[in-house]
There are 2 protein chains.
Amino acid sequence: MKKILFYCLLLPSLSVSAQQNLVKYVKPIIGTQKMGHTYPGATVPFGSVQLSPDTDTLSYELNGKYNGDVYKYCAGYKYEDKTIVGFSHTHFSGTGHSDLGDFLIMPTQGKLQLNPGVASNPKSGFRSAFSHDNEVAEAGYYKVKLDDNNITAEMTATTRVGMHQYTFPKSEQSHVILDLMSGIYNYDDKTVWTYVRVVNDTLITGYRQTNGWARTRTVYFAMSFSKPFKSYGQKNFEPSQVYKGFWRKFDQTKNFPEIAGKRIRMYFDFSTEENEKVKIKFALSPVSQDNALENMRAEAPGWDFEKVKQQAQATWNTELNKIKVETSEDDKINFYTAMYHAFINPTNYSDVNGQYKGLDQNVHQANGFTNYTTFSLWDTYRALHPFFNIMQPSRNNDMVKSMMAHYDQSTLKMLPVWSHYANDNWCMSGYHSVSVVADAIIKGVYNGDANQALDACITTANHRSYEGIGEYIDKGYIAAERSGTSVSNTLEYAYDDWCIAQMAKKLNRTAVYQEFSKRSANWKNVFDKSIGFMRPKMADGSFKKDFDALSTHGQGFIEGNTWNYSFFVPHDPVSMIAEMGGKQKVASRLDSLFTMHLPDIFFADTEDITREGIIGGYVHGNEPAHHVAYLYNWIDQSWKTQERVRMILKMQYKPTPDGLGGNDDCGQMSAWYMFSSLGFYPVSPGSDEYSLGSPAVKSAALTLENGKTFNIEAINQSDKNVYVQKVLLNGKPLTTHTIKHADITSGGKLTFYMSSKPTKK
Amino acid sequence: MKKILFYCLLLPSLSVSAQQNLVKYVKPIIGTQKMGHTYPGATVPFGSVQLSPDTDTLSYELNGKYNGDVYKYCAGYKYEDKTIVGFSHTHFSGTGHSDLGDFLIMPTQGKLQLNPGVASNPKSGFRSAFSHDNEVAEAGYYKVKLDDNNITAEMTATTRVGMHQYTFPKSEQSHVILDLMSGIYNYDDKTVWTYVRVVNDTLITGYRQTNGWARTRTVYFAMSFSKPFKSYGQKNFEPSQVYKGFWRKFDQTKNFPEIAGKRIRMYFDFSTEENEKVKIKFALSPVSQDNALENMRAEAPGWDFEKVKQQAQATWNTELNKIKVETSEDDKINFYTAMYHAFINPTNYSDVNGQYKGLDQNVHQANGFTNYTTFSLWDTYRALHPFFNIMQPSRNNDMVKSMMAHYDQSTLKMLPVWSHYANDNWCMSGYHSVSVVADAIIKGVYNGDANQALDACITTANHRSYEGIGEYIDKGYIAAERSGTSVSNTLEYAYDDWCIAQMAKKLNRTAVYQEFSKRSANWKNVFDKSIGFMRPKMADGSFKKDFDALSTHGQGFIEGNTWNYSFFVPHDPVSMIAEMGGKQKVASRLDSLFTMHLPDIFFADTEDITREGIIGGYVHGNEPAHHVAYLYNWIDQSWKTQERVRMILKMQYKPTPDGLGGNDDCGQMSAWYMFSSLGFYPVSPGSDEYSLGSPAVKSAALTLENGKTFNIEAINQSDKNVYVQKVLLNGKPLTTHTIKHADITSGGKLTFYMSSKPTKK
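Please read all numbers here as calculations on a predicted model, not as lab measurements. (Residues numbered from 1 in each chain as written. Chains lettered and ligands numbered in written order. Predicted model: local features only at pLDDT ≥ 70, side-chain atom pairs only at ≥ 80, totals over all residues. Heavy atoms only, no water.)

A. Highlighting the overall build of chain A. When helices and strands are counted, chain A shows 21 helices and 36 strands. Compactness check: chain A gives a C-alpha radius of gyration of 26 Å against a globular reference of 27 Å for 761 residues, within 12% of the reference. Oriented by its inertia axes, the alpha-carbon framework of chain A measures out at about 80 × 60 × 50 Å. When burial is assessed residue by residue, chain A has 69% of its 761 residues classed as buried. Contacts in chain A between residues at least 24 apart in sequence constitute 71% of all its contacts with a sequence separation of at least 6. (Helix = DSSP H or I, 4+ residues; strand = E, 2+ residues; numbered from the N terminus. Rg over C-alpha atoms; globule rule 2.2 N^0.38 Å. Buried < 20%, exposed > 50% of the residue type's maximum accessible area, 1.4 Å probe, protein only. Contact = heavy atoms within 4.5 Å.)

B. Fine view of the side chain of T373 of chain B. All names here are of chain B. Positionally, T373 belongs in strand β22 (residues 372-373). A distance of 2.8 Å separates the side chain of T373 from the backbone nitrogen of Y421, its partner in a polar contact. When neighbours within four sequence positions are excluded, T373 is seen to be in contact with P346, T347, Y349, S419, H420, Y421 and A422. (Polar contact = N/O pair within 3.5 Å; in protein donor to acceptor, adjacent residues only side chain to side chain.)

C. Expanded view of the sheet that holds strand β35 (residues 738-740) of chain B. Here three strands make up an open sheet; going across it, the order is β29-β30-β35 (chain B) and the pairing antiparallel. Each edge of the open sheet is held by one strand with a lone partner, namely β29 (680-681) and β35 of chain B. (Pairing = 2+ DSSP bridges.)

D. Fine view of the environment of T191 of chain B. All names here are of chain B. Tracing the chain through its elements places T191 in strand β11 (residues 191-198). Judged by relative accessible area, T191 falls into the buried class, the value being 0%. Placed 89 residues apart in sequence, T191 and D102 show a C-alpha to C-alpha distance of 9.9 Å. Contact partners of T191, with chain neighbours within four places excluded, come to L180, M181, N186, R208, Q209, T210 and K262. At a separation of 3.1 Å, a polar atom in the side chain of T191 contacts the side chain of R208.

E. Focus on the interface of chain A and chain B. Of the residues lining the interface, 47 residues belong to chain A; the matching set on chain B comes to 46 residues. At the boundary of chain A with chain B, total buried surface from both sides reaches about 4,400 Å², with 48% on carbon and sulfur atoms. Inspection of the region where chain A meets chain B yields two salt bridges. In this structure, E467 of chain A and K249 of chain B form a salt bridge, with 3.5 Å as the shortest nitrogen-oxygen distance. On inspection of chain A and its partner chain B, the count reaches 26 residue pairs in polar contact (both at pLDDT 80 or more). (Buried area = accessible area lost by both parts, 1.4 Å probe. Salt bridge = Lys/Arg side-chain N within 4 Å of Asp/Glu carboxyl O.)

F. A look at the pairing of strand β31 (residues 699-703) of chain A. Residues and elements named next belong to chain A. Covered by surrounding structure in β31 are A700 and L702 only, the residues S699, A701 and T703 on the alternate face being uncovered. Strand direction decides the pairing type here: strand β18 (residues 323-326) and β31, joined by four bridges, are antiparallel. The partner of I323 across the bridge, within β31, is L702. Sheet topology note: the β31/strand β32 (residues 709-715) ladder contains five bridges and is antiparallel.

G. The arrangement of the domain arrangement of chain A in detail. Residues and elements named next belong to chain A. The domains assigned to chain A are domain 1 (2-319) and domain 2 (354-547). Facing 23 residues of domain 1, the contacting portion of domain 2 comprises 21 residues. Counting each side, the surface lost to burial between domain 1 and domain 2 is near 1,700 Å², with a carbon and sulfur contribution of 60%. Counting across the domain 1 and domain 2 interface gives one salt bridge. Between R395 and E319 there is a salt bridge, with its nearest N and O atoms 3.2 Å apart. Remark: the boundary between domain 1 and domain 2 carries nine residue pairs in polar contact (both at pLDDT 80 or more). (Domains from an automatic or database assignment.)

H. Examining the sheet that holds strand β15 (residues 258-261) of chain A more closely. Residue and element names in this part refer to chain A. Spatially, nine strands are ordered β6-β7-β8-β9-β17-β13-β12-β11-β15 in an open sheet, and the strand pairing comes out antiparallel. Each edge of the sheet is formed by a strand with only one pairing partner; in this case those strands are β6 (135-138) and β15. For this sheet, the mean angle separating the axes of adjacent strands, direction not counted, is 15°. Sheet topology note: the strand β9 (residues 161-168)/strand β17 (residues 276-285) ladder contains eight bridges and is antiparallel. By the bridge assignment, F168 is partnered in β17 with E276. Lying on the sheet, helix α5 (residues 305-320) is in contact with β6, β7 (141-146), β8 (151-157), β9 and β17; it crosses β8 at an angle near 50°. (Axes fitted to C-alpha atoms, helices over the stretch in contact; angles between N-to-C directions.)

I. The pattern of salt bridges, seen in detail. What the rule picks out here adds up to 62 salt bridges over all chains. D719 of chain B is the salt-bridge partner of K650 of chain B, the closest N and O atoms lying 3.6 Å from each other. One end of the pair, K650 of chain B, is in helix α19 (residues 638-652); the other, D719 of chain B, is in the loop between β32 (709-715) and β33 (723-729), with 69 residues separating them in the sequence. According to the relative accessible area criterion, K650 of chain B is partly exposed, its value standing at 44%. Its relative accessible area of 58% is what places D719 of chain B among the exposed residues. Taken together, the shared-partner salt bridges connect D591, K640, E643 and R644 of chain A into one network.

J. Expanded view of the relation of the copies chain A and chain B. For the match of chain A to chain B, the screw axis carries a shift of 0.0 Å, the RMSD comes to 0.0 Å, and the turn is 180°. In short, the pair behaves as if placed about a two-fold rotation axis. Taking C-alpha positions as reference, the residue of chain A nearest the rotation axis is V192 of chain A, located at 3.4 Å. A high fraction, 98%, of the interface residues of chain A reappear at the interface in chain B, so the copies pair face to face through one surface. (Least-squares fit on C-alpha atoms with pLDDT ≥ 70 in both.)

K. Inspection of the packing of aromatic side chains at higher detail. All names here are of chain B. Tallied over the entire structure, the rule returns 104 aromatic pairs over all chains. Between F103 and F282, the aromatic rings sit 5.2 Å apart at their centres with planes inclined by 40°, giving tilted as the arrangement. In this pair, F103 is assigned in the loop between β3 (86-88) and β4 (104-109) and F282 in strand β17 (residues 276-285), connecting sequence segments 179 residues apart. Owing to a relative accessible area of 0%, F103 belongs among the buried residues under this scheme. Since its relative accessible area comes to 0%, F282 is described here as buried. Taking 5.1 Å as the distance between ring centres and 75° as the angle between the ring planes, the aromatic pair formed by Y472 and Y493 counts as edge-to-face. A residue pair is termed long-range when its members are at least 10 positions apart, and Y472 in helix α12 (residues 469-475) and Y493 in helix α13 (residues 486-506) qualify at 21 residues. For Y472, a relative accessible area of 0% gives the class buried. (Phe/Tyr/Trp six-rings, centres within 6.5 Å; stacked < 30°, edge-to-face > 60°.)

Printed below as a string of structure tokens:
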């Protein structure tokens, strides 16, 4: 069933005439400057291949030594850079940690150079200068002129295949470099092994194994040229391997088809006529060379680059047309680019035959689902997966199934924390898989065995040896002595526990409900009433002395300070407000958060964001406060939610390369944008409610998978009319600040009446 | 069909009562001293597992640095050593180059030590002192007392599973070490990657990937304990990996079940009662952890060590009973140990489900055959595969099919040269696969597509870029300037080409027959009539000046000098004799070879043999002259063949640890022993003829797979009666010095009449 769905997506929809051309609003270049960490290259929705230029990955300049700047190249491409090293096939979108960057390809001409050279002198190697004037980045398509040799590079993709098209000047010495040692997060030489077979004069297969952020990772490939190469060769840059084994029997540097080693760069030689196009299809597989080849044959059988490009863009257009918004041209760019970025991750991690590599490094067959990877869950549980539950329920169902498969394959018996490519990298805190599972179960999206899923959540949440869980269970909090992030961990566990309780409630598992409801109140244990803030608590029950409420460093929190984290009780704002001393006190606290002047010194401590990622003391560039603007709804000041949300939308999202104030984080920032633009937000995933804000669009039509349509209209919408006078659901006035998930999935209409004056009620 | 056969082999034969106990004559310890390079551990016929003690592999003492002595530890065990480091699961038998040694296990007690320590002070690490007095090495069973902690170690095996049984003294601190970084040929740190899952408190699975003599090699495992361990842990000896990734989230050193890295040693803790036996089953797979587990469940479902041992020995006994010899007790030991060594390699390289990893690193299904690896073809084409064509035709058929599969998976389009574990290491010269293929086709053993096999042979023989083949084809010889082994290569190619011609003749492919018959005469191009020796020829057609006929160094030969190699025209002794100036000249040359005094300086140049491996100038410890003693048959001096053969049998094979004068070479030395002991030898594999010598047995009964029996009787046999007066085949006197393959496979009787006086005719 999945396969049929998949092939349908590849074909231009029959009703394409009814579709708008929304691909034109997608600007993949947004976020490629500063901290957005997006990439400009070609991919299809949730595609396995992300074929994109790398302007550097640091190892080139610094000979593989780590200098911290590896962070800068999380997506391989920095808008500020002046040279392109090549085009590689796998990229994270918007992460704050790096990996991937597999199989870098670069077309060159003239004297063969097998070193990339340095950015300050691109002619010193195979890299090339380029200009943004000669660059086109669209959904599913990327083009750039490589100035050094006047070669035009174009690329597009299917789910598992990257397609390259290089237009060469006339030369007897045209080359394509295949760099198998390049990679992102390449410091300390993450390439473990490489194996390549030159099957014939157009086909190459092999694999590359890395020990990067993913500890044990292998990517298999099949590479096909549109015309035979004249000759080929390789250089092994690992001195200890050069004379090993059978080098004495063969000249392995030239036209030798069986290649293996740790640091290998290959090249393929061509004669080209003026403007001759040499094309490459590059298929990936998590399982085997054979599967990579099968993927290529299934998804990209021909050599018509334009057709593959059109298919890629038609696929994107079909996805984008699921929401038709009316708004300004700039905001359409913001909206559809956000939708584009939201629909990149998690990525398909299975072959056309359904096989994939599991966390246990065994090959598995995905029966009845598509297997996904790249779960940046600390980020994406907040808004991205809830957004999927509305707009991509089938895929989110499969994502939960992928997480359950991960759990089944885990000897630790834990759901993923931050997983990619058959590994968990254990990045960030919490066990937020349970939020994603709960949200899918509560909203009726998950069609697997819910009790089994709940059991996996419980087992994960009771893994005593994981990041203080044992102490958290015993004492109700993590002691400050034990962990540098004792408070944020306690808060996140408490929220996650509430998610488990909600599932248990739905499944009538009373004991579990009671146990985890109790645990969900553990946030109170790290709340210091004397100062009104969350605060690290020592093992003896006293609060940490010398506490700095503004600093994000060493104060018990991860990616935030207590000013932001003290509001992290998304599942029980009412109790939180009571603990904080009531609505008035919370109101002034929230106001201060958004308006305070945060000295630069505190910004310097804050990871992953630009200076512009902060509004007052509110940090939007990181995730922990993403729900905070909506909390005014709980203190009878919804007009401030409306005002703040519109302000954040304006300040934090711009249709420019530096348009994102922080890491997009696999679509979480983008999902926040879409939810908030549409006028509501999932403050507490795991509940079936959304809290209302202020829509930024004039109207929106959401076409759901069930065939229903949910319409949003903002009457009197304008940049100044940010306040909501009243809201009608299907013509009836809403009396709360929430709508239910079923209100959306049943189809219908949400009408906001906008005004320039707040309705203070 | 294969599977059924396999399971039958595991069961004690129903006709076991008719069988003799021949296992008692097998002394695996023979050849473990000096240059034999055999191992004393447990294996079953052609088994994937060779579970054997490693007394060192050099990396321990020398911190991974190569000092040349890695050669000494080809089989992991040296009889001269006083300590055992542990027991690993894969070993070559008798090779002159090393690899393998995977998954070293060692039981210890007391304070945990994760370093092996040094031989001079075994208490400095987990290794232990041992004594040969407390050592039992039998076919399929090995036992030793480890003195340091008074632990008795026993081991046995099935095809794919090694079974350990350790008898501990009472202790709260008993340990089993699993060393995943140890290996043979470990200099330069051949371990590429290791992955381990502790599935539960008795089951561990994982894999180990190496870059040794096999360039790209992975062995998967499943390990099961007979009782749960109390706790476990690991140490990663690669400093750069210790703080990587998720170390900050977990204490991975203790009870952490997901382990990966480059240099890992694990340990498992037990409390043991006095004399408590802790057993381990350790299954291997070339394909996956899942397959390893399936192999374990299929082959070793229970925990009865004695039963597995009895099965292993019953399997050996069934094989050994295929030839029943009457001879002295010492010679029975020599004979059955030779048979044992001959039936170790090539090894089964497939799972019980038929899957295996191919040369292309893809997983393949062996349809209709068992896949084998470890083809030491330069050695084994001579007598081992011909021996299989008599005694193991089904297996040899599968071996040829395995070679054909290798060819199909080869991007170079070459049959194996020296292959093991999905790699070709390209060791030694020639393309002797073609001899094995030809011998199997000529003798009617190969039931695959013979024309396809011939095509593979032709393509291999025409691979111009391989070791001078292009020049050989163009000029009829390899020029001395091009290669240090120009003469031996030319001679070996000429013989191999004759093999191709024989196949072509049988298959009526006249053009191929003519082409390769012509090529088979190329040996003449390197024969210097002026001195009567093979001699390096320069590109200009002149012979190399400053030629030293005794030296094996830099004279154009590999593992031999021209005194030995000048006789290497096994396919056409008649022409060779004519070129050499006739029978008289050859007679005196042969006499000189066997009686000359070779100065020690020449021995120093000769690889792989002890001083005792040489008789006069005849080198039996290496292979090129293995047929030479039989050449007297072609110059009407068969009595000298008889005399020499009996002398070699006596001098080169002894029932002692130092009983082999050179590397056993995967059974080639042993196959020579068996053939010669039985009274005939395949001088030119690829022909259907055997040349007669002098039997050393009183009688022998060969039970063939086709149900027929071939009997050999030596009337008046004694140590002095080495001369053959007459030979009857099925009662009729033989008029030539040959018998045909069909004479054997039809069943029948060969009767030698022995005498102390030569019959000079």
